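The lines below spell out each chain.
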Amino acid sequence: MIESNKKIPVHPERIRTDNIHRPSWDGMDVEADVLRLDLVDPVISGNKWFKLEYYLRDAIAKGCKRIITYGGAWSNHLLATAAACKYFGIASLGIIRGEEPATWSSTLQQAREYGMEFQFVSREAYRSKQNPDGVKNEGDYVIPEGGYGMPGVKGAANICTYFNPHAYSHICCATGTGTMTAGLISGIQGISSVCAISVLKNDTGCADRIKSLLDPGDNSFQVIDEFPFGGYAKYNPALISFMNEFYSTTGIPTDIVYTAKLFYALDQLILRGYFPPGSKILTIHSGGLQGNSSLENGTLIW
Ligand SMILES: *Cc1c(COP(=O)(O)O)cnc(C)c1O
């Protein structure tokens, strides 16, 4: 609860755990569950509410008038921030990587409907994360890209209150900035080991980014970097057919940017015996389904 008189705009009570099994896993001595954070909200989806909560609390406590944050044209973080700001009556500005496109993505259009304003900056200026000239005024509060930082980690650690870490040997999640992964690692306190599936290509800094958000002793995790499918938000026909087939066997929809790669990796790792016999795996479905609106109609079967 951010303010005592204002309920939070999302539905954590909808979070549940589903057991999944694929026929190809017959005979592999592992069990797999999925934590359905995708059910929290279609817009402030998956891990995004968790990562934003303490930033929003801080901004509200400080009486900030406007929130500034960063993202690409399909950013789940940007859209979630726009929706949360609208809900709490705070103005928002999105600093967008790249030239203003001739046609806005549905993510940007939706964020604009929530009242977000935008500034498009070159990729170089974006990378340096400098505040473009004169954007930041008094009363502005900056949330880093993807909610990367300690308030994001603290919020993501709350995901661990929705499952019992003692019931699992491994927790698998998709990782971008690494904020959610760091939150999970700090939240489970070494009880299970975390497998972070990187969705970025050649992201050699990933493990260090995660470590810099953790206490020195928190190192029970591995970054798995074999499944980026060409890079951030890239995909191929094999990933699309996996998504459709995974949906038809489990009833679970996935998104092309994060969770399809996560479940694809889970499947491959199980099949190649990565997890020792008797492993019990919890995979975090971190949401993000709105990103599928970049696909042509009819690509996915749901
Ligand atoms: C943002 C996002 C992630 C990545 O979270 P990080 O904390 O940036 O690593 C994973 N899955 C989904 C669906 C997301 O939207």
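Everything below is about the structure shown above.
Everything numeric here is computed off the predicted structure, so don't read it as measured data. (Residues numbered from 1 in each chain as written. Predicted model: local features only at pLDDT ≥ 70, side-chain atom pairs only at ≥ 80, totals over all residues. Heavy atoms only, no water.)

### Overview of the overall build of the chain
In terms of regular secondary structure, the chain is built from nine helices and ten strands. For the chain, the residues scored as buried account for 54% of the 302 residues in total. Counting only carbon and sulfur atoms, one obtains 48% of the accessible surface of the chain, whose full area is about 13200 Å². Counting 27 positive and 30 negative side-chain charges, the chain places the averaged centre of each group 4 Å from the other. (Helix = DSSP H or I, 4+ residues; strand = E, 2+ residues; numbered from the N terminus. Buried < 20%, exposed > 50% of the residue type's maximum accessible area, 1.4 Å probe, protein only. Areas by Shrake-Rupley, 256 points an atom, 1.4 Å probe, with all protein chains shown as cover. Lys, Arg positive; Asp, Glu negative; His and termini not counted. Charge placed at Lys NZ, Arg CZ, Asp CG, Glu CD.)

### Points about the pairing of strand S8 (residues 193–198)
The element S8 is largely enclosed, with a buried count of six among its six residues. Judged by which residues are buried, S8 turns out to be covered on both faces: Ser193, Cys195 and Ile197 on one side and Val194, Ala196 and Ser198 on the other are all buried. Here strand S7 (residues 170–175) pairs with S8 via six bridges, running parallel. In the strand pairing of S8, Ile171 is matched with Val194. (Pairing = 2+ DSSP bridges.)

### Remarks on the sheet that holds strand S6 (residues 140–143)
What the four strands build is an open sheet, ordered S5-S4-S3-S6; its pairing is parallel. Edge positions in the sheet fall to strand S5 (117–121) and S6, since each has one partner strand and no second. Here the strands of the sheet are splayed against their neighbours by 25° on average, with no regard to which way each runs. The pairing of strand S3 (residues 66–71) with S6 spans four bridges and is parallel. In the sheet register, Thr69 faces S6, and the bridge partner there is Ile143. The sheet strands contacting helix H2 (residues 76–88) are S3, strand S4 (91–97), S5 and S6, and the helix crosses S3 at an angle near 165°. (Axes fitted to C-alpha atoms, helices over the stretch in contact; angles between N-to-C directions. Contact = heavy atoms within 4.5 Å.)

### A look at the site of the ligand
Taken together, the neighbourhood of the ligand is formed by 14 residues, with Lys48, Lys51, Asn76, Thr177 and Ser286 sitting nearest. Here an oxygen atom of the ligand sits 2.9 Å away from a polar atom, N or O, in the main chain of Gly178. Between the ligand and the protein, one listed contact pairs an oxygen atom with a backbone N or O atom of Met180 at 2.8 Å. Across the complex, the protein chains shield 98% of the 390 Å² of accessible surface that the ligand would expose by itself. Elements supplying a minimum of two residues to the shell around the ligand: helix H1 (47–61) and helix H6 (179–188). (Near = heavy atom within 4 Å. Polar contact = N/O pair within 3.5 Å; in protein donor to acceptor, adjacent residues only side chain to side chain.)

### Quick look at the sheet that holds S8
With respect to topology, six strands assemble into an open sheet ordered S1-S2-S10-S7-S8-S9, the strand pairing being mixed. Edge positions in the sheet fall to strand S1 (17–20) and strand S9 (221–224), since each of these pairs with one other strand and no more. Each neighbouring strand pair of the sheet contributes to a mean axis angle of 25°, computed without reference to strand direction. Against the sheet, H6 makes contact with S7, S8, S9 and strand S10 (279–285), and its axis sits at roughly 160° relative to S7, the strand it touches most. Relative to S10, helix H9 (residues 259–271) is tilted by about 165°, and along the sheet it contacts S1, strand S2 (30–36), S7, S8, S9 and S10.

### Regarding the packing of aromatic side chains
The final tally for this structure, using the stated rule, is 15 aromatic pairs. For the ring pair Phe118 and Phe120, a centre distance of 6.3 Å and an interplane angle of 40° mean the geometry is tilted. The class for Phe118 is buried, based on a relative accessible area of 18%. Counting every residue linked through ring pairs, the aromatic cluster contains Phe227, Phe229, Phe242, Phe246, Phe263 and Tyr264. (Phe/Tyr/Trp six-rings, centres within 6.5 Å; stacked < 30°, edge-to-face > 60°.)

### Concerning the nonpolar core
Ranked by internal contacts, the top residues of the largest apolar core, which has 55 residues, are Ile159, Phe163, Ile171, Leu184 and Ile284. Sort the elements by how many residues they give to this core and H2 lands first, with eight residues. Residues within four places of Phe163 in sequence aside, it is in contact with Leu35, Tyr168, Ile171, Leu184, Ile188, Leu282 and Ile284. Val30, Met243, Val257 and Phe275 belong to the second largest nonpolar core, which has 33 residues in total. (Core = buried A, V, L, I, M, F, W, Y, C linked by side-chain atoms within 4.5 Å.)

### A look at the environment of Ile171
One can find Ile171 in strand S7. Taking the C-alpha atoms as reference points, Ile171 and Ile281, separated by 110 residues in sequence, lie 5.8 Å from one another. Setting aside its immediate chain neighbours within four residues, Ile171 contacts Phe163, Leu184, Ile188, Ser192, Ser193, Val194, Cys195, Leu282 and Ile284.

### A short note on the environment of Ile143
Within the fold, Ile143 resides in strand S6. Put simply, Ile143 and Thr69 are 74 residues apart on the chain and 5.0 Å apart in space, counted from C-alpha to C-alpha. Beyond its immediate sequence surroundings of up to four residues, Ile143 is in contact with Leu52, Tyr55, Ile67, Ile68, Thr69, Tyr70 and His77.

Purely spatial values, then, with no claim about function.
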